[in-house]
Every structure is written in C-alpha cells, then in structure tokens.
Amino acid sequence: DLIMRKVLLATTALVAMSVTAAQADVSIGGQGVFEIYSPSTGAQTFTSDGSVVITGTSTTDSGLTFKAVQDTRFEGDRDEGNQLNDSYLEVSGDFGTLRMGHTDDALDRMDGNLAANMDLETIGGQTGSISGTAIGGDSQNISLHLPSLNGLSLYGMTQADGAGSGLGANYSIAGVSLMLQSKTGGTGADSTAMGVSFSAGGFKVNAGSTTKDKTASAAKITANDIGVSYTMGDIKLVATSARGKQGTRTDKYSNVGVSYTIAPGITAMVESGQSTAGAAATDFDATWAALAVSF
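Once a new chain begins, its residue numbering starts again from 1 and follows that chain's sequence as written. Totals for whole chains, interfaces and linings use every residue, but because this is a predicted model, local features are given only for residues with pLDDT of at least 70 and side-chain atom pairs only at 80 or more, for both listing and counting. Only hydrogens and water are removed before side-chain values are computed, so all heavy atoms of the structure are retained for them.

A. Here's a closer look at the packing of aromatic side chains. Aromatic rings from Phe, Tyr and Trp, with only the six-membered ring used for Trp, were paired whenever their centres fell within 6.5 Å, and each pair was classed as stacked if the ring planes differed by under 30 degrees, edge-to-face if by over 60, and tilted otherwise. Going through the model one piece at a time under the given rule, you end up with 2 aromatic pairs. Ring plane angle 40 degrees and centroid distance 4.5 Å describe the contact between phenylalanine 203 and tyrosine 230, whose orientation is recorded as tilted. With a gap of 27 residues between them, phenylalanine 203 in strand S11 (residues 203-212) and tyrosine 230 in strand S12 (residues 221-232) connect regions that are remote in the sequence. By relative accessible area, phenylalanine 203 is classed as partly exposed at 47%. Elements are defined by DSSP. Helices are runs of H or I of four residues or more, strands are runs of E of two residues or more, and each kind is numbered from the N terminus. Each residue's exposure class comes from its accessible area (1.4 Å probe, protein chains only) as a fraction of the maximum for that residue type: buried when under 20%, exposed when over 50%, partly exposed otherwise.

Below, the structure written as structure tokens:
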C-alpha cells in the first residue's frame, strides 16, 4: 500500500507539472512535525507543521537543469484556504541559478549568518516585534545566484512593479562567513543587514545587525542578535539573544533550546523563550516541544 501511494503521488505530480516520466525525474520528500506550545498567557496548543515537497527535474543536452517545485503544507487543520508554502521554477547552469515563483527570495535563503536562524522554533519573539534581523522573506519574486568564486557568493532578487529588490554578498574563509545585504523599494523601509558566523570544533557563533531606514510614518529601526550552538554527537544546544530599538521603544528576545537526533531523520526538540515587545513593554514567555520526522 505504501509503494502504491508513492506511485500515485508521483503520477499526480507529473500531470500537474505537464511532464512525463520520459522527460523528468520526480522526487518526493519533506518533514512532518508535531508541536506542543505552552505560553505564559493563553491556552496550550497542539499543532501539526511541516511540508511535502514534490520536485520534477529535467536536464537539457546543453547542461541546463530545469526544476518545478511544489511545497505543500503537511498540516491539515489550517483554515486560511491556501495549503501551499512554495511553488516555483528553477533553471541552473554555468551562469548560476535562476529561481522564479512564490518562494523565499535570495536574501532570505542566504542569511544563515544571522542568529535568528539558530532558533529551533524559528519564531523569534512576539508578533510585531522589531528585534528581528532578517530583511528577506517569502514572496512572488525572481532570484538570481551567481556561481561562487573563491568563497564569494553574489545574489539578488526583484519583485514585480517595484514592490522590492535586493542585492547580497557572502564571503567565507577559514571557518568565518561574512554577509552583507541591502533591500529597497516597495512600501516598506530601505533595509541593510550584516552578519558573521564562526565555527570551531562543535561550537558555532552567529551575529547579525540590521538597519531599517525611517519612513514618513515610522522612525528608524536598529536591531542586532547573537547566537551560540554546540553540537556533541546527536545532541545540539542553542541559545540566542536579540534586541530591536526604535526611538524610545526597545524590544528584546532570548531563548535556549536542545535538539536530539533519535535516529536519522527523527529529531526531538525542546525550547524556552522570553520576549519583551511593544510600546507597553509587554512580557511574554513560552515553552515549545516538538517531534520532527523527515522523509
């Protein structure tokens, strides 16, 4: 039955992408997560998370590789009517990689030096907090990554009708990775982000700093974060701290967490976070536990 279900899924994906088995290789993978979220105020919740990713790949005689990717939400109790996380086309070759569609833009995919990416839960504070350092995100966009040269990676993204565009550069040497990104256009503020990452033994340190320029309706925002992780066999310990400032307002976020690899593709995680946010400096604490199964 399991084999039959996989065959049916693959057949459905091929029809949806208008390709045949002779034209493309199709792969199916993803992750399912069960989460227990216990906040200091409000009710405890049980939720499902994750995604199922279907990828169709074709390679031309000239060496170009084309991909069609659909990332569908694993959870089945969402009520917003949209079960897709990402849906995009990708072309790669000697020129680099060009990605087009609804997906994380190039800035978001290359900001791994920021400490926010070490957060196991990946929420990083209360809704509306200004302590976040990432300036990229999920949108309908076109992103281009040029080939890496001597540790230097250059990339950029653009959205339709001037809704936003950005450029970035990452450079790695001797265990140190540096990042510089800039984003302009659209209704939001122009933003600049810098990040650095350093690894030694089982330790890894990430640090980031972001500036969002003032607009007609909002003052300038500066944010910074720092995070440390230590990996020892199947156990990984993480801790992060972030702070954002806008005028007299200061938002803070910190967390500690641990993940344990039970078996290949099976991970248990526990994390506790504390945040202070908003003009009223509202405090909020929460504990999160999850079991993730990758396939």
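So that's the structure; there's more coming.
B. Region of interest: the nonpolar core. Remark: nonpolar core denotes a set of buried residues (Ala, Val, Leu, Ile, Met, Phe, Trp, Tyr, Cys) joined through side-chain atoms within 4.5 Å. With 8 residues, the main nonpolar core is built from Ala106, Leu107, Leu114, Ile135, Tyr155, Met157, Met179 and Ala193. Elements represented by at least two residues in this core include exactly helix H2 (106-109) and strand S7 (152-158). By definition in these notes, contact holds between two residues if any of their heavy atoms fall within 4.5 Å. Leave out the neighbours within four places in its chain, and methionine 179 touches Met110, Asp111, Asn113, Leu114, Tyr155, Ala169, Asn170, Ala193, Met194 and Gly195. Ranked by size, the runner-up nonpolar core spans 7 residues in total, among them Val33, Met269, Ala290 and Ala292.

C. Main features of the pairing of S7. Strand pairing is assigned whenever DSSP identifies at least 2 bridges connecting the two strands. Sheet topology places strand S6 (residues 138-145) next to S7; 4 bridges connect them, and they run antiparallel. By the bridge assignment, serine 143 is partnered in S7 with methionine 157. The turn linking S6 back onto S7 is made up of 6 residues, and asparagine 150 within it adopts a positive phi angle of 55 degrees. In terms of strand pairing, S7 meets strand S8 (residues 165-173) through 7 bridges, oriented antiparallel. By the bridge assignment for S8, serine 153 is matched with asparagine 170. Following S7, the chain reverses through 6 residues before pairing antiparallel with S8; aspartate 161 in that reversal takes a positive phi of roughly 55 degrees.

Purely spatial values, then, with no claim about function.
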